[in-house]
Amino acid sequence: MQRGSDRLSVHRDEEMKHELRELLRTGHPTRTEEWHDPEPTADDDPEIAGGPVTPGRPTASVESVRLELARLLGRTSFPAGPRELTGLLRDKHAPDVLVEALERLPHKARYTTAHELAEAVVHAG
């Protein structure tokens, strides 16, 4: 029995099942046309594309750490001290290395922007 809300015909539904059968069975794309698949990351892609930006990495710059902190914390988190910001980062499931870097900052310090915080994190590490 066909419901009136179906957008696809029975034939198109069977076609789609056939197209997706191998993808669902194997867990990866099975198409021969490469333009269907996502493009891999390039060597000159931003650091964020390669994984979380953390102060312990050799290529971690103030700018990349600032971008990651701004992405996680947003504008409404400032001004704040390291303890408050550490709690917010834990709530946002930030990388442990980034949270631990904030825990090493002086507890009485106050930061008004993500840039100030990033400078303190990079220079303290």
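Along every chain, residues carry numbers that run from 1 in the direction the sequence is written. Local features in a predicted model are, by the rule used here, given only for residues with pLDDT of at least 70; side-chain atom pairs are given and counted only at 80 or more, and totals for whole chains, interfaces and linings are based on all residues. Side-chain measures here rest on the full set of heavy atoms in the structure, leaving out hydrogens and waters.

An unreviewed UniProt entry lists the protein chain under the name DUF2795 domain-containing protein, with Streptomyces sp. R41 as the source organism.

Colleague: Please explain helix α4 (residues 96–103) as it appears in this structure.
Modeller: Think of an α-helix as turning once every 3.6 residues; residues three or four places apart then point the same way. Between buried and exposed lies partly exposed: a residue is buried under 20% and exposed over 50% of the maximum accessible area for its type, with that area taken using a 1.4 Å probe on protein chains only. Starting at the N terminus, helices and strands are each numbered in turn, a helix being any DSSP run of H or I of at least four residues and a strand any DSSP run of E of at least two. Listed as buried for α4 are Leu-98, Val-99, Ala-101 and Leu-102. All buried residues of α4 project into a common sector of 155° when viewed along the axis, lining one side. By arc we mean the arc of the directions from the helix axis to the C-beta atoms, nothing more.

Colleague: Explain the confidence of the model for the protein chain here, please?
Modeller: Low pLDDT means the predicted coordinates in that region are not meant to be read closely. Confidence scores labelled pLDDT are given residue by residue by the predictor and lie between 0 and 100. This prediction gives the protein chain a mean pLDDT of 78; 66% of its residues lie at or above 70. When mean pLDDT is taken per element in the protein chain, helix α3 (residues 82–91) scores highest with 92 and helix α1 (residues 10–26) scores lowest with 79.

Colleague: Quick question: what am I supposed to make of unusual backbone geometry here?
Modeller: Residues other than glycine predominantly adopt negative phi, and peptide bonds predominantly adopt the trans conformation. The amide bond that connects Phe-78 to the next residue, Pro-79, takes the cis arrangement and shows omega of -5°. Relative to the helices and strands, Pro-79 resides in the loop between α2 (62–73) and α3.

Colleague: For this particular structure, what's the right way to read a nonpolar patch on the surface?
Modeller: On the surface, Leu-20, Leu-23 and Leu-24 cluster together into a nonpolar patch covering about 280 Å² of accessible area. For Leu-23, the location among the structural elements is in helix α1. Nonpolar side chains (Val, Leu, Ile, Met, Phe, Trp, Tyr) are joined into patches within 5 Å and like charges within 9 Å, using only residues with over 30% relative accessible area and no salt bridge. Where accessible areas are quoted, they stem from the Shrake-Rupley method and a 1.4 Å probe; at the residue level, only the protein chains shown are allowed to cover. Only one rule defines a salt bridge in this text: a Lys or Arg side-chain nitrogen within 4 Å of an Asp or Glu carboxyl oxygen.

Colleague: Can you walk me through the side chain of Ser-77 in this structure?
Modeller: Looking at the element boundaries, Ser-77 is found in the loop between α2 and α3. Residue class for Ser-77 comes out buried when judged on its relative accessible area of 12%. Each polar contact in these results corresponds to two N or O atoms within 3.5 Å; when the atoms are within protein, one needs to be able to donate a hydrogen and the other to accept it, and residues that are neighboring in sequence are counted only if both atoms are side-chain atoms. In this structure the side chain of Ser-77 is engaged in a polar contact, spanning 2.6 Å, whose partner is the backbone oxygen of Leu-73. The contact definition used throughout considers only heavy atoms, calling two residues in contact when any of these lie within 4.5 Å. What Ser-77 contacts, discounting residues up to four positions off in sequence, is Leu-85 and Leu-88.

Colleague: What am I meant to see in helix α5 (residues 114–124) here?
Modeller: Of the positions making up α5, those classed as buried are Ala-114, Leu-117, Ala-118, Ala-120 and Val-121. Buried residues of α5, viewed axially, fall in a sector of 165°; they line one side. Against the buried residues of α5 lie α2, α3 and α4.

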